[in-house]
Amino acid sequence: MDITEDKRCRGRPQVRPDEETRRIIYEAARHEFARHGFAATSMETVARRAGVSTKTLYRLVPNKAAMFREMVSDRLDRFTANVNLHAADHADLEQALVTALIACAELTLDEEVIALQRMVLQETGKFSDFARTFYVTAIQRTSKALAQWLRAQQKRGLIALDDVEEAAGMLLGMVASAPRRAAMFGGVPLPSRPQIEARARRGAALFLRGCQVQKPRGG
């Protein structure tokens, strides 16, 4: 390669894939929404934090409502993949359930997720579809991810449930609802990782006492 060609190659700007740019935008939006709220967050401030031009931002994300919806959806996509890849790998059912519950709790008890929920409560009156977007994209998808995991264990013949979706909601309630309410309304610090793990173990043990299929003696 001659010197002229080398300079031309080195001077050519690298083009970042749109998917990677979207991920950077979603992370910037998550920080801005959690810190300033939906109304006070502008597309321009998100673009600035993400290090992209507003032209690029609007090309990839048409408006602020879509940005919020897609940001939450992106975070849940990564969470769901984590549950599917790791929780099902355990041979021991109780430990597998503990792993799944920890993954759920770490998402729902994340400081920024709690901040987003506070924002939803504060501003849902101003934006009619705001609460529903968060419910469908975040809360409902979390429950469905856990329900899918439970359904897989039921197909394996390890547990017996009349209503998998209801059971998933109960499990999430045991692990995350009380700590979340305490943090949001009582100013109580969010649980540490060891506290989340301990709560997940207790929840898994209580749950399996009621639904685990017992193998016949001598079988």
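Residues numbered from 1 in each chain as written. Predicted model: local features only at pLDDT ≥ 70, side-chain atom pairs only at ≥ 80, totals over all residues. Heavy atoms only, no water.

**Details of the pattern of salt bridges**
No. 1: Counted under the stated rule, the structure contains 9 salt bridges.
No. 2: Arg-49 is paired through a salt bridge with Glu-32; the nearest N and O atoms lie 3.3 Å apart. In this pair, Arg-49 sits in helix H3 (residues 43-50) while Glu-32 sits in helix H2 (residues 18-36), placing the two residues 17 residues apart along the sequence.
No. 3: One salt-bridge network, held together by shared partners, links Glu-106, Arg-193, Glu-197 and Arg-201. (Salt bridge = Lys/Arg side-chain N within 4 Å of Asp/Glu carboxyl O. Helix = DSSP H or I, 4+ residues; strand = E, 2+ residues; numbered from the N terminus.)

**Looking at the packing of H2 against H3**
No. 1: The interhelical angle for the contact between H2 and H3, taken along N-to-C directions, is 120 degrees, at an axis separation of 8 Å. Considered as vectors, H2 and H3 are oriented oblique to each other. For the pair H2 and H3, the crossing hand works out as right-handed. Facing H2, whose interface residues are Ile-24, Ile-25, Ala-28, Ala-29, His-31 and Glu-32, H3 presents Thr-45, Val-46, Arg-49 and Ala-50.
No. 2: Residue classes in the contact of H2 with H3 are distributed as 6 nonpolar, 2 polar and 2 charged. (Axes fitted to C-alpha atoms, helices over the stretch in contact; angles between N-to-C directions. Parallel < 35°, antiparallel > 145°, perpendicular 65-115°, else oblique. Left-handed = near helix turned anticlockwise from the far one by under 90°. Contact = heavy atoms within 4.5 Å. Nonpolar A, V, L, I, M, F, W, Y, C, P; charged D, E, K, R; others polar.)

**As for the environment of Val-52**
No. 1: Relative to the helices and strands, Val-52 resides in the loop between H3 and helix H4 (54-60).
No. 2: Distance from Val-52 to Ile-25, taken between C-alpha atoms, is 8.2 Å for residues 27 residues apart in sequence.
No. 3: Every residue in contact with Val-52, bar those within four places of it in the chain, is listed here: Arg-16, Thr-21, Ile-25, Ala-47 and Leu-57.

**Focus on the environment of Arg-199**
No. 1: The residue Arg-199 is located in helix H10 (residues 193-211) in this model.
No. 2: When the C-alpha positions of Arg-199 and Ala-176 are compared, they lie 8.7 Å apart, and in sequence the two are 23 residues distant.
No. 3: Apart from the residues within four sequence positions on either side, Arg-199 is in contact with Met-174, Val-175, Ala-176, Ala-178 and Pro-179.

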